[in-house]
Amino acid sequence: MIPRDLNEWTLERLDSILRLRLDENTRIEFKQDFTTTKAGRQRLQRTCCAFANSDGGFLIYGICDDRSLFVDDRLVGLPPATDFAASFCNYPNRCVPQIDWDYKRLKPLANGNAIYVAYVPKSTCPPHVVANDVNGFDFLTRGMGTNDYMTFDQIRAAFQQSRNVVQRLNALALSLS
């Protein structure tokens, strides 16, 4: 039901997901618009980091969080003048290391606004961290609609995965030279 690829997202697919009343989960997070509060911006950055450290995920912009509304009323979209790439890029780019991402603009709604789907793939070089105001950095993974702290074993495994990728790339470079 949930697309695995950014190209699979359509307004019709999103409509059917909303009609099933799926909650935010390990692969999806709904956003009505771009937050202007510091706490909201930090939450979004943490979500990008958690998606990259997990199996990847989609942030769908232009969806009202009020699940008691009819689907058509939840599809509010972002205004046509929205520069999505410029607005969104600050969040994954502030993670360390920076996180890959892409996005798709779905066809316009009847009100002229558009739904945007941002995709943060599973990282090939985890773990990613975000700075916090208290004690340095947070290592995060995605839970069922939440961003959870990684365990020590998860962090160690992520570093090992990155080390293995570097070793394979070095071996490939040697074999090609």
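Just above sits the structure.
What comes next is a walk through the structure. (Residues numbered from 1 in each chain as written. Predicted model: local features only at pLDDT ≥ 70, side-chain atom pairs only at ≥ 80, totals over all residues. Heavy atoms only, no water.)

Another aspect to go through is the sheet that holds strand 4 (residues 116-121). Here 4 strands make up an open sheet; going across it, the order is 1-2-4-3 and the pairing mixed. Here the strands that pair on one side only, and so sit at the sheet edges, are strand 1 (28-31) and strand 3 (102-105). Adjacent strand axes in the sheet meet at a mean angle of 20°, parallel and antiparallel pairs treated alike. In this sheet, strand 2 (residues 56-61) lies alongside strand 1 in parallel orientation, the contact comprising 4 bridges. Bridging from a neighbouring strand, Phe-30 pairs with Ile-60 of strand 2. Of the strands in this sheet, strand 1, strand 2 and strand 4 are in contact with helix 2 (residues 38-53), which crosses strand 2 at around 145°. (Pairing = 2+ DSSP bridges. Helix = DSSP H or I, 4+ residues; strand = E, 2+ residues; numbered from the N terminus. Axes fitted to C-alpha atoms, helices over the stretch in contact; angles between N-to-C directions. Contact = heavy atoms within 4.5 Å.)

Under the criterion given, the structure shown has 14 aromatic pairs. Measuring from centroid to centroid gives 4.6 Å for Phe-34 and Tyr-61, while their planes differ by 25°, and the two rings are stacked. Highlighted residues: Phe-34 in the loop between strand 1 and helix 2 and Tyr-61 in strand 2, separated in sequence by 27 residues. Grouping residues by exposure puts Phe-34 and Tyr-61 together as buried. (Phe/Tyr/Trp six-rings, centres within 6.5 Å; stacked < 30°, edge-to-face > 60°. Buried < 20%, exposed > 50% of the residue type's maximum accessible area, 1.4 Å probe, protein only.)

A word on the environment of Val-166. Positionally, Val-166 belongs in helix 6 (residues 152-176). Judged by relative accessible area, which is 45%, Val-166 ranks as partly exposed.

Looking at helix 1 (residues 11-19), one finds that the buried residues are Leu-11, Leu-14, Asp-15, Ile-17 and Leu-18. Buried residues of helix 1 fall within an arc of 160° about the axis and therefore sit on the same side. Summarising the contacts, the buried residues of helix 1 are in contact with strand 1, strand 2 and helix 3 (71-74). Backbone geometry just downstream of helix 1 places Arg-21 in the positive-phi region, at approximately 60°. (Arc of directions from axis to C-beta.)

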